[in-house]
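Residues per chain are reported as follows:
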Amino acid sequence: MTATALKTFAHTRHRVLIAVVAQGLVGIDLDTSPYPGVLRRLIARTATPGERAALSRLPAGEVPEAFTRLWSRKEAVVKLTGHGLAARLNRIEVRGELARPEGSPAEDWPAFPIHLRDARVEGGRIAAIASTRRITAVEPRSLCTPATTRNTR
C-alpha cells in the first residue's frame, strides 16, 4: 500500500509555511495582525458570537493577536475544506481544539472533525494548522540555511 502525503502552503511577507501530512487533509495559514482601523470591522464580520464575547473580555492590547489567531485558524479550516473565503467565517467556531460549524458555513460543509493547532513563527507572525487527523507534532524547519558553493570544474 502506498501512502500519499498531502500538503498545503501559506505565505506572508518574507515567510512561507508548508504543511505536510501522511494521512488526511491539511490546511494552513500564516498572518500578521491587521491594522487597527480594520480590526473592529473584521471581528464584526468574521467572528462567531462566542468568539466576539471572548475577545471583548481581553485587554485592548491583546485583542489584535487573539483575533489574528482566530483568523488564521479560520483560514486554515476553509483552505482544508476547499471553500476558501466563500465560506461564512462567522459560522465557524475555532476557539478549541476542533473547528465547530455553527449553522452552515457553506452549502456542502463536511461532516468530519477538523482538528486545530497553533504554531509560532519567528518575526511575530501567527500560524494555524487544520487537519482531518489529530495534530500530534509540529516540526519547524528553516530553509534559510547558508548556501554552499561548489567548484564544478
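For the structure, see preceding data.
In short, a report on the structure. As a convention, each chain's residues are numbered from 1 in the sequence order in which they are written. Note on the predicted model: pLDDT of at least 70 is required for a residue's local features to be given, and 80 or more for side-chain atom pairs to be given and counted; whole-chain, interface and lining totals, by contrast, use all residues. With hydrogens and water excluded, all non-hydrogen atoms of the structure serve as input to the side-chain values.

**Some details on the overall build of the protein chain**
Helix and strand assignments come from DSSP, with helices taken as H or I runs of at least 4 residues and strands as E runs of at least 2, each series counted from the N terminus. When its secondary structure is counted, the protein chain shows three helices and seven strands. The order of α-helices and β-strands along the protein chain, N terminus first, is β-β-β-α-α-α-β-β-β-β. For the exposure calls, accessible area comes from a 1.4 Å probe over protein chains only, and a residue counts as buried if that area is under 20% of its type's maximum, exposed if over 50%, partly exposed in between. By residue count, 41% of the 153 residues in the protein chain fall in the buried class. Long-range pairs, those at least 24 residues apart, make up 47% of the contacts in the protein chain with a sequence separation of at least 6. Here the open area of atoms and residues is found with the Shrake-Rupley method and a 1.4 Å probe, where only the protein chains shown may cover a residue. Of the roughly 10,200 Å² that the protein chain leaves accessible, carbon and sulfur atoms contribute 53%. Contacts were defined at the residue level, with two residues in contact if any of their heavy atoms lie within 4.5 Å.

**Here's the deal with the packing of helix α1 (residues 36-46) against helix α3 (residues 63-81)**
Note on geometry: axes are lines fitted to C-alpha atoms, helical ones only across the stretch in contact, with angles between N-to-C directions running from 0 to 180 degrees. Taken N-terminus to C-terminus, the directions of α1 and α3 make an angle of 45°; their axes are 11 Å apart at the nearest point. Taken together, α1 and α3 sit at an angle that is classed as oblique. At the point where α1 passes α3, the crossing takes the left-handed sense. Contacts between α1 and α3 involve Leu-39, Leu-42, Ile-43 and Thr-46 on the former and, on the latter, Val-63, Pro-64, Phe-67, Trp-71 and Lys-74. Relative orientations are named as follows: roughly parallel for angles under 35 degrees, roughly antiparallel for angles over 145 degrees, roughly perpendicular for angles from 65 to 115 degrees, and oblique for any other angle. In a left-handed crossing the near helix is turned counterclockwise from the far helix by less than a right angle, and in a right-handed crossing that turn is clockwise.

**What about the packing of aromatic side chains?**
Geometry of aromatic contacts follows a simple scheme: Phe, Tyr and Trp rings, the Trp one being its six-membered ring, pair when their centres are within 6.5 Å, and the pair is stacked under 30 degrees between planes, edge-to-face over 60, tilted otherwise. Summed over all chains, the structure comprises one aromatic pair. Ring centres 6.2 Å apart and planes at 40° place the aromatic pair Phe-67 and Trp-71 in the tilted group. With Phe-67 and Trp-71 both in helix α3 and four residues apart, the pair spans about one turn of that helix. Its relative accessible area of 15% is what places Trp-71 among the buried residues.

**What to know about the pairing of strand β5 (residues 98-101)**
Strand pairing is assigned whenever DSSP identifies at least 2 bridges connecting the two strands. Here strand β4 (residues 92-93) pairs with β5 via two bridges, running antiparallel. Each residue of the ladder has a partner; that of Ile-92, found in β5, is Pro-101. Pairing analysis gives two bridges linking β5 to strand β6 (residues 114-121), with the strands arranged antiparallel. Of the residues in β6, the one forming a bridge with Ala-99 is Ile-114.

**Here we look at the side chain of Glu-93**
You can see Glu-93 is positioned in strand β4. A polar contact of 2.5 Å, which involves the side chain of Glu-93, links it to the side chain of Thr-48. Ignoring anything within four residues of it in the chain, the contact list for Glu-93 reads Thr-48, Gly-50, Glu-51, Leu-98, Ala-99, Arg-100 and Glu-102. What qualifies as a polar contact is a pair of N or O atoms within 3.5 Å, subject to a donor-acceptor requirement within protein and to the restriction that residues adjacent in sequence count only when both atoms come from side chains.

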